[in-house]
Amino acid sequence: MTQGIWISEAEVVSVMALPEAIDALRAGLREEAAGRATNMVKTHATWGNGSTLHAIGAVFEGWNIVGTKTWAHTAGGAMPLLVLLDAGTGAIVALIEAFALGQMRTGGISGVGTDVMARPDASRLAMIGAGKQSIAQIAAVAAVRRLDRVTVWSPTAANREALAEKVEQKLGIEAIATHTLDEALDAADIVTLVTRARAPVLTRDMLARGVHLNAVGAITPERVEFEPALLERATMTGADSVPQVRRLSQEFMTAFGDDEAQWVRLQPLSALIARDARRPADADLTIFKAMGMGISDLSLGIEIFRRVRDAGLGRPIPSITRQAPRLTLDQ
């Protein structure tokens, strides 16, 4: 039996760049569309003042790998870990420190959604939110569309100014930290929304016709980023995981309720990829809702594992006995 390996954050970023993550995500989505990969729907628990514990996973029968990722999102930070297991034996294949992987996955899936759903000539991005995910989100959109300007808005001036400076330094794209949300949205072709808001940041009529929206931040029911009525304008809507949207997205649950005719409008990103779907020419808005799903994490994790293994990197994990020890019950 091959010994499992521990893969560090440094090794993750040394073997995979964001454009390659987007390619890996497309490959995993094609496996899902072909019926060779399935999600373990996310579960979560909350405590304290908004802290959350998450678990998510997937089965890749075609690649003979299963796995789960778990993390706690707290005010003090987070340290996610992805576990890859051999689908035939249950043995540990790899343990991957997954903070950078998660950023590439979350940014990358927006890149895939943007590539499918945004106008081919889209060149101006409005980034709403300036947290840890924001630079990866911008880089992912820049990987699939030629951006000539990024506007940044966050309620905290220092955060939006720092992000705009980082975009210009790291990506070489003109970036403007705007004083108001309306200024950020003005002339934008693509809007990416990544916040921890509990009330709508975007209302129904704030976006111009022709815009594509990536809604990424509200992944639990207590969070809301856009007004549910905004969905009335969407000509095309997609999601990484439709079941998780139905269980956890307050925006969609409020807008669609129990109306199955409405839910049919929400298409899995894997199905859009499989049929090479593109934005309808006359679309008002297109909306991609990202919830985070195990297939995305494992798509990246499996490819990272292969690259690390082939490069002779990683740290061997001490062998773990496959047989449960006999318990001693005597006093």
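1. Notes on the overall build of the protein chain
Along the protein chain, the regular secondary structure elements total eleven helices and 15 strands. Relative to its length of 331 residues, the protein chain is compact, with a C-alpha radius of gyration of 20 Å against a globular reference of 20 Å. By principal-axis analysis of the C-alpha atoms, the protein chain measures approximately 70 × 45 × 45 Å. Looking at the protein chain residue by residue over its 331 residues, the buried ones come to 52%. A sequence separation of at least 24 residues applies to 71% of the contacts in the protein chain between residues at least 6 apart. When the accessible surface of the protein chain is summed, it comes to about 14900 Å², and 52% of that surface belongs to carbon and sulfur atoms. Looking at charge distribution, the protein chain has the averaged site of its 34 positive side-chain charges lying 2 Å from that of its 37 negative ones.

2. Quick word on the pairing of strand S7 (residues 124-128)
In terms of burial, S7 is a largely internal element, four of the five residues being buried. Relative to strand S8 (residues 149-153), S7 runs parallel, the two sharing five bridges. When the bridges of S8 are listed, Leu 125 appears paired with Val 150. For the crossover from S7 across helix H4 (residues 134-144) to S8, the handedness is right-handed. Here S7 runs beside strand S10 (residues 190-193); their pairing, made up of four bridges, is parallel. If you follow Leu 125 over to S10, its bridge partner there is Ile 190.

3. Section: the side chain of Asp 297
Mapping Asp 297 onto the fold places it in helix H11 (residues 294-310). Ignoring any residue separated from it by four or fewer positions in sequence, one finds Asp 297 in contact with Ile 56, Lys 69, Leu 82, Leu 101 and Arg 105.

4. Quick look at the layout of surface pockets
What the largest pocket holds in volume is close to 1100 Å³. Together, 45 residues line the largest pocket, and His 73, Lys 132, Gln 133, Val 194 and Arg 196 are the ones closest to its centre. Within the residue set of the lining of the largest pocket, elements represented by two or more residues are strand S3 (51-60), strand S4 (65-73) and helix H3 (99-117). Among the elements that line the lining of the largest pocket, the one with the most residues is H3, at six residues.

5. Considering the pattern of salt bridges
Two side chains carrying opposite charge are able to pair once their charged atoms lie near each other. Applying the stated criterion across every chain yields a total of 20 salt bridges. The closest approach of N and O atoms between Arg 119 and Asp 189, which form a salt bridge, is 2.9 Å. Taken together, the residues span a long stretch of sequence, with Arg 119 in the loop between H3 and S7 and Asp 189 in the loop between helix H6 (181-185) and S10 at a distance of 70 residues. Take Arg 119: its relative accessible area is 26%, and that puts it in the partly exposed class. For Asp 189, a relative accessible area of 11% gives the class buried.

6. What to know about the nonpolar core
One finds Ile 7, Leu 84, Val 150, Leu 269, Leu 300 and Ile 304 to be the most contacted residues of the largest nonpolar core, which totals 65 residues. Residues contacting Leu 84, with those up to four places away along its chain left out, are Ile 65, Val 66, Gly 67, Ala 91, Ile 92, Val 93, Ala 94, Ile 96, Leu 298, Gly 301, Ile 302 and Phe 305. Grouped together as the second largest cluster of nonpolar side chains are 31 residues, Ala 184, Val 191, Val 201 and Val 242 included.

7. Side note on the packing of aromatic side chains
Summed over all chains, the structure comprises five aromatic pairs. Seen from their ring centres, Phe 226 and Phe 252 are 6.3 Å apart, and the 85 degrees between their planes marks the pair as edge-to-face. Residue Phe 226 is located in the loop between strand S11 (212-215) and strand S12 (234-239), and its partner Phe 252 is located in helix H8 (residues 250-256); the two are separated by 26 residues in the primary sequence. Classification of Phe 226 by relative accessible area gives buried; the value is 0%. Classification of Phe 252 as buried rests on a relative accessible area of 0%. Aromatic pair Phe 252 and Trp 263: ring centres 6.4 Å apart, planes at 25 degrees, arrangement stacked. In this pair, Phe 252 sits in helix H8 while Trp 263 sits in helix H9 (residues 260-263), placing the two residues eleven residues apart along the sequence. Linked through ring pairs, Phe 226, Phe 252, Phe 256 and Trp 263 together constitute an aromatic cluster. Directly above the aromatic system of Trp 71 lies the positively charged group of Lys 69, at a separation of 4.7 Å from the ring centroid. The ring of Trp 63 is capped by Arg 306, whose NZ or CZ atom sits 5.0 Å from the centre of that ring.

8. Observations regarding unusual backbone geometry
Here Asn 64, not a glycine, exhibits a phi torsion of approximately 60 degrees, which is positive. Mapped onto the secondary structure, Asn 64 falls in the loop between S3 and S4.

Each value, and the rule that gives it
- Residues numbered from 1 in each chain as written.
- Predicted model: local features only at pLDDT ≥ 70, side-chain atom pairs only at ≥ 80, totals over all residues.
- Heavy atoms only, no water.
- Helix = DSSP H or I, 4+ residues; strand = E, 2+ residues; numbered from the N terminus.
- Rg over C-alpha atoms; globule rule 2.2 N^0.38 Å.
- Buried < 20%, exposed > 50% of the residue type's maximum accessible area, 1.4 Å probe, protein only.
- Contact = heavy atoms within 4.5 Å.
- Areas by Shrake-Rupley, 256 points an atom, 1.4 Å probe, with all protein chains shown as cover.
- Lys, Arg positive; Asp, Glu negative; His and termini not counted.
- Charge placed at Lys NZ, Arg CZ, Asp CG, Glu CD.
- Pairing = 2+ DSSP bridges.
- Right-handed = clockwise from strand over helix to strand, strands pointing away.
- 1 Å grid on protein atoms, 1.4 Å probe; cavity = no way out; pocket = protein on both sides within 12 Å on 5 of 7 lines; lining within 4 Å.
- Points joined across faces, edges and corners; volume = space filled by probe spheres on them.
- Salt bridge = Lys/Arg side-chain N within 4 Å of Asp/Glu carboxyl O.
- Core = buried A, V, L, I, M, F, W, Y, C linked by side-chain atoms within 4.5 Å.
- Phe/Tyr/Trp six-rings, centres within 6.5 Å; stacked < 30°, edge-to-face > 60°.
- Lys NZ or Arg CZ within 6 Å of the ring centre and 35° of its normal.

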